[in-house]
Amino acid sequence: MISIVQVLGGMALFLYGVRVLSRGMEKIAGHRLQEWLDRMTNRPIKGAAFGAVATALIQSSSLLMVTMIGMINANLMTLEQAIGVMMGQEIGTTLTAQIIAFKVGDFSFLFIALGLGMMEFTSKRSWQRLGEVILGFGVIFVGMQTMSGALKVLATAPAAQEWLAYMGQNYLSGIIAGTIATAVIQSSSAVTGLIVAMGISQIITLPGAIALILGANIGTCVTGVIASLRLSPASKRAAIAQILHNGIGVLLFLPFLSPFAALVSETSSSLPRQIANAHGIHNIVVSAVLFPFIKTIARVSERLVPKTQEEEKPKLTQHIDESQYRFPNVALAEATHELYRAGKTTAEMIVLSRQAILEGDSDAAQQVRELESQTVNPLCGILEGFLNELMGEDLSEDQERHCYHLIEMTTDVERVSDLTDDLVQIAQGKIKPNALLNPQMIKEIDKLFHQAHRTYTLALHAVRDNDRDVAQLACSMEDEMDRKYWKARKKHGKRVKSGEVSPETDQIYNDILRNLDRISDHADSLGISVMRN
């Protein structure tokens, strides 16, 4: 019983180490993942290479999968491109087995001490993140040592010896056991770690270990299917594609397990290394064999999960997805993209409201009102709900601050939308502004419209790129907007005193100027949020 508890405790440590390691790598690279995917997936071979390298480095196939699903939903990536990356991803996951096959002994505690020291006693954020990665490695090896030590004792039990002997002779039972174990634990990495630990303890044969690994490959598909059930159709298609890839891979190798085991045994004299090599060779060969059939796998996946009527409709959101909550950096990056998308719409609304006021364009006015009620307001509401939900997750202090600023900026964007709606209400009033305003007033208003639009657009670019220099420039342009605003108000004051304008014209002119000034104020607020982030 004590040995069983030690195996479970060792597995828990192993899983925690993988989580700490992948979380550290996510902090280092997670927010750039979409940008890299966008650059590297225009050709299948490049996508597969990127998938292998990214998964090997980040040690989180789930992070890559969630990012890809978000890009598929946003029409930034096709399912075929995603399958190419997934094939590379299957290769990248084999690095875990290669790493844990090393015998590091007490060096694991050195990793833990070094990693913790870097996290606690350095002020540079980059060093702290690197320390988290090193700490994760240390905990992984401690977990492996705990599991392998307990398994040696556990293997002396007659029932365990009989089960292991049976597994070495009956491959199908081994595959089923590996599938069930991975589906229950919800982690192929944990099962692979356990199999390598069994190899370190010399309590399993290589054929039995290979059968378990093949089962773990199928079991990880079960995890993906369960996770995708309540998510988007794109998630379901990606899960189906993974099932097809891994399932076909197991069927290809099943008739040749004995000769395959004999071949792998020649690659090393160490059983743990042989197990790691078997895992790597299998995944590489399967991905290489199935690579020419990416389009076929994509078509089958799309037929099994056809497009629904709901999916055919234009979606309000394109980037955010509840599956991203597990990866805060990804969620924050995607929320920023969604916010910028809403901001671009409101920038277009500023242009349309100008046409409505100065050119008497009733179609432009109607378009603003529709965009405000049917697009921007509901989109900002969904985005704010997403960010509030994200605030309830386990966020770092930096992530909490970023999330809070995104909520503030969402409010700014929504208020700009409301202000453009206020402007077109002026344009649709009983007395049309373009019929009352004299050429000088129209010229002044036109200049302020252009200044407000430029300032707001620049602030949005700062938000998109998280560029503090551009944010500072937007704030400087808002100061210029203030000067132009007061200059126009001063000129208008003289016109009022001289009796050149009627009370109706005075009210319309001032209302327009106030709304434009407030749009510029919200642009300034966006810039300040970027600089504080």
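These figures come from a predicted structure and were not determined experimentally.

A.B. asks: Could you give me a rundown of the overall build of the protein, with the residues and numbers involved?
C.D. replies: For the protein, the helix and strand inventory stands at 24 helices and zero strands. The burial tally for the protein puts 51% of its 533 residues in the buried class. Taking the intrachain contacts of the protein between residues at least 6 apart in sequence as the baseline, contacts between residues at least 24 apart amount to 80%. Per element, the accessible surface of the protein, about 24300 Å² overall, is 58% carbon and sulfur.

A.B. asks: Residue-level account of the packing of helix 5 (residues 79–92) against helix 13 (residues 233–253), with values.
C.D. replies: For the pair helix 5 and helix 13, the least separation of the axes is 10 Å and the interaxial angle reads 50°. One way to sum up the angle between helix 5 and helix 13 is to call them oblique. Pair helix 5 / helix 13 crosses with right-handed handedness. For the pair formed by helix 5 and helix 13, the contact residues are Leu-79, Ile-83, Met-86, Met-87 and Glu-90 on the first element and Arg-237, Ala-238, Ala-241, Gln-242, His-245 and Asn-246 on the second. Residue classes in the contact of helix 5 with helix 13 are distributed as six nonpolar, three polar and two charged.

A.B. asks: Can you explain the confidence of the model for the protein? Please cite residues and give values.
C.D. replies: Counting all residues, the mean pLDDT for the protein is 84, and 86% of those residues have values of 70 or more. Confidence, expressed as mean pLDDT per element, reaches its minimum in the protein at helix 17 (residues 309–312) with 59 and its maximum at helix 22 (residues 439–465) with 94.

A.B. asks: Could you give an account of the pattern of salt bridges, naming the residues involved and the relevant values?
C.D. replies: For the coordinates displayed, the defined rule picks out ten salt bridges. For the salt bridge of Arg-354 with Asp-446, the shortest nitrogen-to-oxygen distance reads 2.6 Å. One end of the pair, Arg-354, is in helix 18 (residues 328–358); the other, Asp-446, is in helix 22, with 92 residues separating them in the sequence. Among the salt bridges present, the one from Glu-480 reaches Lys-484, with a minimum N-O distance of 3.5 Å. With Glu-480 and Lys-484 both in helix 23 (residues 468–497), this residue pair falls four residues apart, about one helical turn. A relative accessible area of 28% places Lys-484 in the partly exposed class.

A.B. asks: Can you break down the packing of helix 5 against helix 15 (residues 271–290) residue by residue, with the values?
C.D. replies: Between two packed helices, the angle of one axis relative to the other and the distance separating the axes together describe the packing. Helix 15 packs onto helix 5 with a crossing angle of 165° between their chain directions and a minimal axis gap of 8 Å. Taken together, helix 5 and helix 15 sit at an angle that is classed as roughly antiparallel. Here helix 5 and helix 15 pass one another in a crossing that is left-handed. Contacts from Met-87, Glu-90 and Ile-91 of helix 5 reach helix 15 at Asn-283, Ile-284, Ser-287 and Leu-290. Looking at the contact of helix 5 with helix 15, its residues break down into four nonpolar, two polar and one charged.

A.B. asks: Tell me what's going on with helix 11 (residues 188–200), and back it up with residues and numbers.
C.D. replies: Spacing of three or four residues puts side chains on the same side of an α-helix, whose turn is 3.6 residues. With 13 residues, helix 11 should cover 18 Å at 1.5 Å per step; its first-to-last C-alpha distance of 18 Å lies within 8% of that length. The buried fraction of helix 11 amounts to ten of the 13 residues, a majority that puts the element mostly inside the structure. For helix 11, the full list of buried residues reads Ala-190, Val-191, Thr-192, Gly-193, Leu-194, Ile-195, Val-196, Ala-197, Met-198 and Gly-199.

A.B. asks: So what's going on with unusual backbone geometry? Residues and values would help.
C.D. replies: For residues that are not glycine, phi is negative in most cases, and the peptide bond is trans in most cases. For Asn-466, which is not a glycine, the phi torsion comes out positive at approximately 50°. Relative to the helices and strands, Asn-466 is located in the loop between helix 22 and helix 23. Relative accessible area serves as the criterion here: at 43%, Asn-466 is assigned to the partly exposed category.

A.B. asks: Just give me the short version of the packing of aromatic side chains, but keep the residues and values in it.
C.D. replies: Counted by the stated rule, this structure contains three aromatic pairs. Centre to centre, the rings of Phe-253 and Phe-260 are 5.0 Å apart; their planes meet at 80°, and the pair counts as edge-to-face. Phe-260 matches Phe-253 in its accessibility class, with the two residues each being buried. An angle of 25° between the planes, with centres 5.1 Å apart, marks the rings of Tyr-325 and Phe-386 as stacked. Linking Tyr-325 in the loop between helix 17 and helix 18 with Phe-386 in helix 19 (residues 362–391), this pair joins segments that are 61 residues apart in sequence.

A.B. asks: Help me get a handle on a nonpolar patch on the surface, residues and values and all.
C.D. replies: A contiguous nonpolar surface patch, about 440 Å² in accessible area, is contributed by Met-1, Ile-4, Val-5 and Leu-8. Its location among the elements puts Met-1 in the segment before helix 1 (2–29).

A.B. asks: Summarise helix 16 (residues 294–304); cite the residues concerned and give the values.
C.D. replies: Where helix 16 is concerned, the buried positions are Ile-294, Ile-297, Ala-298 and Ser-301. In a view along the axis of helix 16, the buried residues occupy a sector of 100°, so they form one face of it. Turned more than 90 degrees away from the buried face of helix 16 sit Lys-295 and Arg-303, all of them exposed.

A.B. asks: Please set out the environment of Leu-254 residue by residue, giving values where relevant.
C.D. replies: Following the sequence through the fold, Leu-254 ends up in the loop between helix 13 and helix 14 (257–265). You can call Leu-254 partly exposed: its relative accessible area is 29%. Taking the C-alpha atoms as reference points, Leu-254 and Ile-175, 79 residues apart in sequence, are found 9.4 Å from one another.

A.B. asks: So what's going on with the environment of Gln-399? Residues and values would help.
C.D. replies: Structurally, the position occupied by Gln-399 is in helix 20 (residues 397–427). Gln-399 has contacts with Pro-328, Asn-329, Leu-332 and Asp-394, leaving out every residue within four places of it along the chain.

A.B. asks: Break down the side chain of Thr-345 for me, citing the residues and quoting the values.
C.D. replies: Secondary-structure assignment places Thr-345 in helix 18. Here Thr-345 is in contact with Leu-371, Thr-375 and Val-376, once residues within four sequence places are set aside.

A.B. asks: I'd love a proper account of the environment of Arg-237, names of residues and values included.
C.D. replies: The topology assignment puts Arg-237 in helix 13. As a C-alpha pair, Arg-237 and Pro-306 span 69 residues in sequence and 8.8 Å in three-dimensional space. Reaching out from Arg-237, the side chain makes a polar contact with the backbone oxygen of Val-305 at a distance of 2.8 Å.

A.B. asks: Please provide a residue-by-residue account of a positive patch on the surface, values included.
C.D. replies: Taken together, the side chains of Lys-443, Lys-447, Lys-487, Lys-490, Lys-491 and Lys-494 make up a positively charged region of the molecular surface. Of all the secondary structure elements, the ones that give two or more residues to the positive patch are helix 22 and helix 23. Residue position: Lys-443 is located in helix 22.

A.B. asks: Tell me about the side chain of Asn-217, and please be specific about residues and values.
C.D. replies: Structurally, Asn-217 can be placed in helix 12 (residues 206–228). A distance of 3.4 Å separates polar atoms of two side chains, one belonging to Asn-217 and the other to His-282. Every residue in contact with Asn-217, bar those within four places of it in the chain, is listed here: Asn-246, His-279, His-282 and Asn-283.

What counts as what
Residues numbered from 1 in each chain as written. Predicted model: local features only at pLDDT ≥ 70, side-chain atom pairs only at ≥ 80, totals over all residues. Heavy atoms only, no water. Helix = DSSP H or I, 4+ residues; strand = E, 2+ residues; numbered from the N terminus. Buried < 20%, exposed > 50% of the residue type's maximum accessible area, 1.4 Å probe, protein only. Contact = heavy atoms within 4.5 Å. Areas by Shrake-Rupley, 256 points an atom, 1.4 Å probe, with all protein chains shown as cover. Axes fitted to C-alpha atoms, helices over the stretch in contact; angles between N-to-C directions. Parallel < 35°, antiparallel > 145°, perpendicular 65-115°, else oblique. Left-handed = near helix turned anticlockwise from the far one by under 90°. Nonpolar A, V, L, I, M, F, W, Y, C, P; charged D, E, K, R; others polar. pLDDT = per-residue confidence, 0-100. Salt bridge = Lys/Arg side-chain N within 4 Å of Asp/Glu carboxyl O. Expected span 1.5 Å × (residues − 1). Phe/Tyr/Trp six-rings, centres within 6.5 Å; stacked < 30°, edge-to-face > 60°. Patch = residues over 30% accessible without salt bridge, like charges linked within 9 Å, V, L, I, M, F, W, Y side chains within 5 Å. Arc of directions from axis to C-beta. Polar contact = N/O pair within 3.5 Å; in protein donor to acceptor, adjacent residues only side chain to side chain. Lys, Arg positive; Asp, Glu negative; His and termini not counted. Charge placed at Lys NZ, Arg CZ, Asp CG, Glu CD.

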